[in-house]
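# Close look at the chain arrangement
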Amino acid sequence: RNHSDMIRKSKFLSKVMRHEPSIIGVLPDKNGWIDVDLLLDRCNHYGIELDLKTLKYIVESNDKKRFAFSKDQTKIRASQGHSIKVDLELKPLTPPEYLYHGTAKHFLKSIFRDGLLPGKREYVHLTRDIKAASLVGKRHGKLILLRVLAEEMHHEGYFFYRSENNVWLTATVPARFIKQI
Ligand code: HQG
């Protein structure tokens, strides 16, 4: 299999399942699920060649496990990162003491003024893994690593969720819970 072709298809699937299902004319259900056969059919019509075997390969080999099949394997969705409104049916959890968020220097002033905001997405994305946070931050510019006092936020009544692929999600992070590291 051609690696860069898999990456290209995986990015296309992220776009469809997280942000713009309408580009191929599918409508995810309220929990974000799309029928697998329909997805394959619509992708092929759109010009993205995809069969079930390749889709399964993309799901399994994805570096961040971005997609998940339903239990009965008939549906698929993105595990996090959505800008479309989806109910991922995540239960609130007690977070670890610290979570990390990678961002860019040019956002810092505004982050320390307004806190971390979800922007176009449904949630602010946080991780336990400093390395993963660094990679995310670098995509935006000169890397800045932020430590979020997650346990303290939790004690003050803020809700935390963890996606299927272990990304921590919360609505917003007020500036007083953020420390630059
Ligand atoms: C920043 C990856 C100014 C925020 C990761 C970020 C994640 C503010 C950018 C997922 C701000 C939004 C999400 C404020 C936040 N003022 N800037 N008040 N509050 N920002 O792409 O977290 O590889 O929407 O720091 O693992 O970078 O795509 O979010 O820099 O899960 O699967 O606004 O992307 O997953 O950028 O990334 P994004 P993100 P994938």
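Our subject is the structure that appears above.
First, a word on what this report is: a plain description of the structure on this page. As the structure is a prediction and not an experimental result, all values here were calculated from the model. (Residues numbered from 1 in each chain as written. Predicted model: local features only at pLDDT ≥ 70, side-chain atom pairs only at ≥ 80, totals over all residues. Heavy atoms only, no water.)

## As for the overall build of the protein chain
A count of helical and extended segments in the protein chain gives 6 helices and 9 strands. By the compact-globule yardstick of 16 Å for 181 residues, the protein chain fits well, its C-alpha radius of gyration being 17 Å. If you line up the protein chain on its principal axes, its C-alpha atoms span 50 × 35 × 25 Å. Going through the 181 residues of the protein chain one by one, you find that 45% of them count as buried. In the protein chain, the share of contacts with a sequence separation of at least 24, taken over all contacts with a separation of at least 6, comes to 71%. Surface exposure of the protein chain reaches about 10,500 Å², of which carbon and sulfur atoms provide 51%. The distance from the centre of the 32 positive side-chain charges to the centre of the 21 negative ones in the protein chain is 7 Å. (Helix = DSSP H or I, 4+ residues; strand = E, 2+ residues; numbered from the N terminus. Rg over C-alpha atoms; globule rule 2.2 N^0.38 Å. Buried < 20%, exposed > 50% of the residue type's maximum accessible area, 1.4 Å probe, protein only. Contact = heavy atoms within 4.5 Å. Areas by Shrake-Rupley, 256 points an atom, 1.4 Å probe, with all protein chains shown as cover. Lys, Arg positive; Asp, Glu negative; His and termini not counted. Charge placed at Lys NZ, Arg CZ, Asp CG, Glu CD.)

## A short note on empty space enclosed by the protein
Enumeration over the complete set of coordinates arrives at 1 cavity of 30 Å³ or more. For the largest cavity, the full set of lining residues is Gln80, Gly81, His82, Leu88, Glu122, Tyr123, His125 and Leu169. For the lining of the largest cavity, the per-class residue count stands at 3 nonpolar, 4 polar and 1 charged. (1 Å grid on protein atoms, 1.4 Å probe; cavity = no way out; pocket = protein on both sides within 12 Å on 5 of 7 lines; lining within 4 Å. Points joined across faces, edges and corners; volume = space filled by probe spheres on them. Nonpolar A, V, L, I, M, F, W, Y, C, P; charged D, E, K, R; others polar.)

## Quick look at unusual backbone geometry
Residues other than glycine seldom take positive phi values, yet Glu89 does so here, at roughly 55°. One non-glycine residue with positive phi stands out, namely Asn166, at about 70°. Along the chain, the position of Asn166 falls in the loop between β7 (161-162) and β8 (168-170). Asn166 gets classed as exposed once you look at its relative accessible area, which sits at 51%.

## Topic: the packing of aromatic side chains
Throughout the structure, instances matching the rule amount to 3 aromatic pairs. With centroids separated by 5.8 Å and ring planes inclined at 55°, the aromatic side chains of Tyr123 and Tyr161 adopt a geometry described as tilted. Here Tyr123, found in the loop between α4 (108-114) and β5 (124-126), pairs with Tyr161, found in strand β7; they are 38 residues apart in sequence, far enough to count as distant. The exposure class of Tyr123 is partly exposed, given its relative accessible area of 23%. Residue class for Tyr161 comes out buried when judged on its relative accessible area of 18%. Ring centres 5.7 Å apart and planes at 70° place the aromatic pair Tyr158 and Phe177 in the edge-to-face group. One end of the pair, Tyr158, is in the loop between α6 (150-155) and β7; the other, Phe177, is in the loop between β8 and β9 (178-180), and 19 residues separate them in sequence. Accessibility expressed as a relative area gives 26% for Tyr158, which makes it partly exposed. When its relative accessible area of 1% is taken as the criterion, Phe177 is described as buried. Over the face of the ring belonging to Tyr98 we find Arg147, whose NZ or CZ atom lies 4.6 Å from the ring centre. (Phe/Tyr/Trp six-rings, centres within 6.5 Å; stacked < 30°, edge-to-face > 60°. Lys NZ or Arg CZ within 6 Å of the ring centre and 35° of its normal.)

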